[in-house]
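Here is what each chain is made of, one letter per residue.
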Amino acid sequence: MIGMADAKPQISSGLEGVYIAESSICRVDGQAGGLYYRGYSIDSLCKNSDYEEVVHLLLHGRLPKAQELAETKKVLAESRNLPEGVVSTIKHMNGKAHPMDTVRTAVSMLSAYDPEVADSSNEANMRKSLRIISRTASIVATIGRIAAGGEYVAPDNSMSHSENFLYMLNGKKPTPQQLDIMRDMFIIHAEHSSNASTFGTMVAGSTLADIYSAVTAGIAVLKGPLHGGADEAALHMMNEIGDPDNTEVYITEALAGKKKIMGFGHRVYKAYDPRAKVIKTYLLQMQDSSSEEVKRLTGIALRAEKLMIDKLGQSHGIWPNVDFFAGPVYRAAGIPAEIFTPIFAASRTAGWCAHMMEYWENNRLFRPLEYYTGAIDLQYVPIDKR
Ligand code: CMC
């Protein structure tokens, strides 16, 4: 007998247009191209703030007073060092797994070293969140360091989150430009409302699994090229294009072949992604870079941006997103492509933890429905009669 006994419901493919919760953490204004963390635009945060203050803002709902910020910075700095077991797992996976798989494994592993893992009070979750945020950055830096043939660099607690990240990655202090780029990248990737990975985090947490499980789920969801993985994929595309003069032919042929151009389009933004605008300011400074690679990538990125906007901007609402310009800018800061998405994950831990704690205040298990289109009540056939 064929199923489909019930009338076919309205199915929202990809959950488009479905509201899953109330939240005061983040407003994405898709029509005007605005992004606000707890009411503050990312432009004003990039101009005036730093990642540690943004972490406090996201977790606690307001900007910290001086003493509170000092305390948040202290806890983040003191949590940076990685357990030996985590470092050896990173070494073990090096060269065998994509860095995003290593981040997912290493963050999951951190739970074994956290004595508060089973304490689900809000206070304990707040403390665990800071440890996750701090150590995920150390994990990503260590993955990059070990992949480049280096050894684990012990953190320097006198440095800011962004500076220490680059120090653990490269074994030396960053230049002022590298530091500016890193700080802005950490800020603009920290939060983005109920995107796929945040929703994945919330689904895991809604079962009352602990915060490490929830964040690990978020990392798994972030990996794909339709979400966080688009930054690495966009850079690969630019390398495939090879030369700025090839951009037009490449993009035209790709679109004619119905291929998606990574780093463009968004479910919510039907205007220029404000995060891409922040990154583009760096790109514009790099057009005369002394590095041939950066100059070439910058040329390709700017030409591709113009072409895509002409073809699909106003007409289809497909604009550059946060992942498009990230590649050339990260390369200018000396960061390898394999850790672009892991950096996104390290930054987004702040948003994932904030959402998880907010959702737990009124937790309800996520359990959507599927409309069944298969058969029912079939006669069971023994294996020798099939
Ligand atoms: N290049 C070419 N065409 C596109 C693109 C693109 N990047 N994005 C969407 N389209 C077209 C798509 O082919 C489809 O056309 P048609 O209606 O003719 O079949 C139409 O636009 C709708 O696309 P969709 O995939 O159904 O739309 P969505 O709302 O599900 O997509 C998206 C959002 C981000 C998955 C999509 O734009 C995409 O795949 N972009 C490329 C990957 C990417 O850059 N992802 C990063 C998103 S921002 C970072 C983050 O927060 O994750």
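Quick note: structure is the one above.
Every value quoted in this text rests on a predicted model; they were computed, and no experiment measured them.

*Asks:* Go over the overall build of the protein chain, please, and point to the residues and values.
*Replies:* Counting its regular elements, the protein chain contains 16 helices and three strands. A compact globule built from 386 residues would reach a C-alpha radius of gyration of about 21 Å, and the protein chain, at 22 Å, matches this within 12%. Based on the C-alpha atoms only, the size of the protein chain along its principal axes is roughly 70 × 55 × 50 Å. Within the protein chain, counting contacts between residues at least 6 apart in sequence, those at least 24 apart form 75% of the total.

*Asks:* Provide a residue-level description of the site of the ligand, including the pertinent values.
*Replies:* Every one of the 19 residues lining the ligand counts as a neighbour, but His227, Lys260, Ile261, Phe264 and Arg267 are closest to it. Contact distances for the ligand include 2.6 Å between an oxygen atom and a side-chain N or O atom of Lys260. Relative to its unbound accessible surface of 920 Å², the ligand loses 68% to contact with the protein. In terms of residue class, the shell around the ligand is built from nine nonpolar, six polar and four charged. Structurally, the shell around the ligand is a two-domain feature, drawing no fewer than three residues from each of domain 1 (26–227 + 337–360) and domain 2 (230–332).

*Asks:* I'd like to hear about the sheet that holds strand E1 (residues 26–29), residue by residue, with values.
*Replies:* The pairing of strands in a sheet happens through backbone hydrogen bonds and is either parallel or antiparallel. Pairing is antiparallel in the open sheet, where three strands are placed in the order E1-E2-E3. The sheet is open, and its two edges are formed by E1 and strand E3 (40–41), each paired on a single side. Pairing between E1 and strand E2 (residues 34–37): four bridges, direction antiparallel. Bridging across to E2, Arg27 finds its partner in Tyr36.

*Asks:* Break down the nonpolar core for me, citing the residues and quoting the values.
*Replies:* Ranked by internal contacts, the top residues of the largest apolar core, which has 106 residues, are Tyr37, Ile139, Phe165 and Ile335. A total of 13 residues in this core trace back to one element, the largest contributor, which is helix H16 (residues 340–360). Excluding residues within four positions of it along the chain, Tyr37 makes contact with Ile25, Cys26, Ile42, Leu45, Val54, Leu57, Leu58, Ile187, Ile188, His189, Ala190 and Glu191.

*Asks:* Break down the packing of aromatic side chains for me, citing the residues and quoting the values.
*Replies:* Evaluation of the coordinates by the stated rule reveals eight aromatic pairs. With a centroid separation of 5.0 Å and an interplanar angle of 45 degrees, the aromatic rings of Tyr51 and Phe186 are classed as tilted. With Tyr51 in helix H2 (residues 51–60) and Phe186 in helix H8 (residues 176–188), this residue pair connects regions lying 135 residues apart in the sequence. Comparing Tyr51 with Phe186, the two get one shared label, buried.

*Asks:* Can you tell me about the environment of Tyr282, naming the residues and giving the values?
*Replies:* With respect to the secondary-structure elements, Tyr282 resides in helix H13 (residues 274–285). Remark: the alpha-carbon pair of Tyr282 and Gly265, spanning 17 residues in sequence, is separated by 21 Å. Contacts of Tyr282, omitting those with residues within four sequence positions, involve Asp180, Ile181, Asp184 and Val329.

*Asks:* I'd love a proper account of the packing of helix H5 (residues 99–110) against helix H6 (residues 122–147), names of residues and values included.
*Replies:* Running from N to C, H5 and H6 point in directions that differ by 140 degrees, and their axes come no closer than 10 Å. As judged from the angle between their axes, H5 and H6 are oblique. Crossing hand, H5 versus H6: right-handed. In this structure, H5 contributes Pro99, Thr102, Val103, Ala106, Val107 and Leu110 to the contact, and H6 contributes Arg135, Thr136, Ile139, Val140 and Ile143. Tallied by class, residues from the contact of H5 with H6 come to eight nonpolar, two polar and one charged.

*Asks:* Please provide a residue-by-residue account of H2, values included.
*Replies:* The α-helix winds at 3.6 residues per turn, so residues separated by three or four positions along the chain end up facing the same way. Most of H2 is tucked away, with nine of its 10 residues classed as buried. Two residues or fewer after H2 comes Gly61, characterised by a positive phi angle close to 90 degrees.

*Asks:* Any details on the side chain of Thr198? Residues and values, ideally.
*Replies:* Of note, Thr198 is situated in helix H9 (residues 196–206). Separated by 3.0 Å, the side chains of Thr198 and Asn195 make a polar contact. With residues up to four places along the chain from it excluded, the contact list for Thr198 reads Ser193, Arg348, Trp352 and His355.

About the cut-offs
Residues numbered from 1 in each chain as written. Predicted model: local features only at pLDDT ≥ 70, side-chain atom pairs only at ≥ 80, totals over all residues. Heavy atoms only, no water. Helix = DSSP H or I, 4+ residues; strand = E, 2+ residues; numbered from the N terminus. Rg over C-alpha atoms; globule rule 2.2 N^0.38 Å. Contact = heavy atoms within 4.5 Å. Near = heavy atom within 4 Å. Polar contact = N/O pair within 3.5 Å; in protein donor to acceptor, adjacent residues only side chain to side chain. Areas by Shrake-Rupley, 256 points an atom, 1.4 Å probe, with all protein chains shown as cover. Nonpolar A, V, L, I, M, F, W, Y, C, P; charged D, E, K, R; others polar. Domains from an automatic or database assignment. Pairing = 2+ DSSP bridges. Core = buried A, V, L, I, M, F, W, Y, C linked by side-chain atoms within 4.5 Å. Buried < 20%, exposed > 50% of the residue type's maximum accessible area, 1.4 Å probe, protein only. Phe/Tyr/Trp six-rings, centres within 6.5 Å; stacked < 30°, edge-to-face > 60°. Axes fitted to C-alpha atoms, helices over the stretch in contact; angles between N-to-C directions. Parallel < 35°, antiparallel > 145°, perpendicular 65-115°, else oblique. Left-handed = near helix turned anticlockwise from the far one by under 90°.

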